[in-house]
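So the chains spell out like this:
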Amino acid sequence: MRPEQNLILAIETSCDETSVAVVENGERMLSNIVASQIKSHMRFGGVVPEIASRHHVEQITQCIEEAMEEASVSYTDLSAVAVTYGPGLVGALLIGVNAAKALAYAHDLPLIAVNHMAGHIYANRLIQPLVFPLLALVVSGGHTELVYMEKDGDFKIIGETRDDAAGEAYDKIGRVLGLPYPGGKRIDEMAHQGKDSYHFPRAMLKEDNYDFSFSGLKSAFINLVHNTAQKNEEVDKNDLAASFQASVIEVLVKKTIRAAKELGVKQLVLAGGVAANQGLREELITTMKQELPDVELLIPPLSLCGDNAAMIGAAAYVEYNRQQFAGYDLNAQPGLTFDSFEEQIVNK
């Protein structure tokens, strides 16, 4: 290993993907192995925590071996071991945390604890450098947040969902439409074939804050479907999908653009699983060109939108440079937030 080369072995097991990666200097993937469990959970219409944990146990060792082999590195080449310790499913997180602690102990390497949501933001650094101050729109199955960053490792939530996350709403609507799990991708595809003919509400769009709410939209959608079914009326599922997505995207984009203008950021970063939504990507690109042409927009490739260990390695590099290492008493924190993450990092 060259003196200036930092290699971090990163592990991600927060939900239903077992992933291990080797990341160089926080910006280059040497490997990024992802073992998905979607087919195992599909028949249940969502992630079953116990099944997810069992799959992680079965796959973690093989993923570690594959990541090391693909990167062509040995443990003596590594600078540290990093792992997601929250938020996520507690049983799933524990598999990764314990694997990382064992590797760090066995090979006398520093252990780095990473917030899963920070990982989603830093996935963008694997594409190009982050420029501060920046604003990140983080949208996933469990989170919808606007995060302001003045510098590396500095996270301030300025707006968040008060109920359902955007991705969670997509999955629930997908079940109402009879779509297989996860429903988000299929709804996005259907939306491009329909039109916004049902005009669902745009919750909290004009309120003087940056928060979101999607439970009302979900209820309005479900009530419309049930009422039309009781009346034996026909509904166009593509139009339903387009109307639902139009509401979600308009609120997300308008509030994000307003925040970016008021905060005077240099970059706007899209992050999280819902960052793969084509409608959201297209609308952000179009609106940014019109309203904030001087602000750089970063959108990760589809391969880095979902849960993956490379993004954890990118975020861990920041903590490595700050010499913020975890002890062997590190535990899973399923309800971890950015505020508690900052507090725990400072106190380590």
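Further up the page is the structure itself.
Summary of the structure given here.

What counts and how
- Residues numbered from 1 in each chain as written.
- Predicted model: local features only at pLDDT ≥ 70, side-chain atom pairs only at ≥ 80, totals over all residues.
- Heavy atoms only, no water.
- Helix = DSSP H or I, 4+ residues; strand = E, 2+ residues; numbered from the N terminus.
- Rg over C-alpha atoms; globule rule 2.2 N^0.38 Å.
- Buried < 20%, exposed > 50% of the residue type's maximum accessible area, 1.4 Å probe, protein only.
- Areas by Shrake-Rupley, 256 points an atom, 1.4 Å probe, with all protein chains shown as cover.
- Lys, Arg positive; Asp, Glu negative; His and termini not counted.
- Charge placed at Lys NZ, Arg CZ, Asp CG, Glu CD.
- Pairing = 2+ DSSP bridges.
- Axes fitted to C-alpha atoms, helices over the stretch in contact; angles between N-to-C directions.
- Left-handed = near helix turned anticlockwise from the far one by under 90°.
- Contact = heavy atoms within 4.5 Å.
- Nonpolar A, V, L, I, M, F, W, Y, C, P; charged D, E, K, R; others polar.
- 1 Å grid on protein atoms, 1.4 Å probe; cavity = no way out; pocket = protein on both sides within 12 Å on 5 of 7 lines; lining within 4 Å.
- Points joined across faces, edges and corners; volume = space filled by probe spheres on them.

Overview of the overall build of the protein
- Scanning the protein from N- to C-terminus turns up eleven helices and ten strands.
- Taking 2.2 N^0.38 as the reference for a compact globule, 348 residues should give roughly 20 Å; the C-alpha atoms of the protein span a radius of gyration of 20 Å, in line with that estimate.
- Each principal axis of the C-alpha atoms in the protein carries an extent, and together these give about 65 × 45 × 35 Å.
- Relative to its 348 residues, the protein shows a buried fraction of 55%.
- Summed over its atoms, the accessible surface of the protein is roughly 14,900 Å², and 49% of this surface lies on carbon and sulfur atoms.
- In the protein, the 29 positive side-chain charges and the 46 negative ones have mean positions that sit 5 Å from each other.

Here we look at the pairing of strand E3 (residues 28-36)
- Of the pairings in the sheet, the one linking strand E2 (residues 17-24) to E3 comprises eight bridges and is antiparallel in character. Residue pairing across strands places threonine 18 opposite alanine 35, the latter belonging to E3.
- Linking E2 back to E3 in an antiparallel pair, the connection comprises three residues, with asparagine 25 at a positive phi of about 55°.

Observations regarding the packing of helix H8 (residues 237-263) against helix H9 (residues 278-291)
- Running from amino to carboxyl end, H8 crosses H9 at an angle of 35°, the nearest separation of the two axes being 10 Å. Here H8 and H9 pass one another in a crossing that is right-handed. Touching Gln245, Ile249, Leu252, Val253, Ile257 and Lys261 of H8 are Gly279, Leu280, Glu283, Leu284, Thr287, Met288 and Glu291, all from H9.
- Per-class residue counts for the contact of H8 with H9 are seven nonpolar, three polar and three charged.

Describing unusual backbone geometry
- With omega at -10°, the peptide bond leading from glycine 86 into proline 87 counts as cis.
- Here the phi dihedral of aspartate 108 falls at roughly 55°; this positive angle occurs in a residue that is not glycine.
- Among the secondary structure elements, aspartate 108 is positioned in the loop between helix H3 (90-106) and strand E5 (111-115).
- A relative accessible area of 69% places aspartate 108 in the exposed class.
- A positive phi angle is found at histidine 199, which is not glycine, with a value near 50°.
- With respect to the secondary-structure elements, histidine 199 resides in the loop between helix H6 (184-191) and helix H7 (215-230).
- The exposed category is assigned to histidine 199, whose relative accessible area is 58%.

Some points on the sheet that holds strand E4 (residues 80-86)
- The five strands are arranged E3-E2-E1-E4-E5 in an open sheet whose pairing can be described as mixed. Edge strands, defined here as strands with exactly one partner in the open sheet, are E3 and E5. Neighbouring strand axes in the sheet, compared pairwise and without regard to direction, differ in orientation by 20° on average.
- Summarising the sheet, strand E1 (residues 7-12) and E2 pair through six bridges and their orientation is antiparallel.

Examining empty space enclosed by the protein
- For the structure shown, the criterion picks out two cavities of 30 Å³ or more.
- If you add up the space inside the second largest cavity, you get close to 30 Å³.
- Taken together, Pro201, Arg202, Ala203, Ser213, Phe214, Leu217, Ser247, Val248 and Val251 make up the full set of residues lining the second largest cavity.
- Sorting elements by how many residues they give to the lining of the second largest cavity places H8 first, with three residues.
- When grouped by side-chain class, the residues that make up the lining of the second largest cavity number six nonpolar, two polar and one charged.

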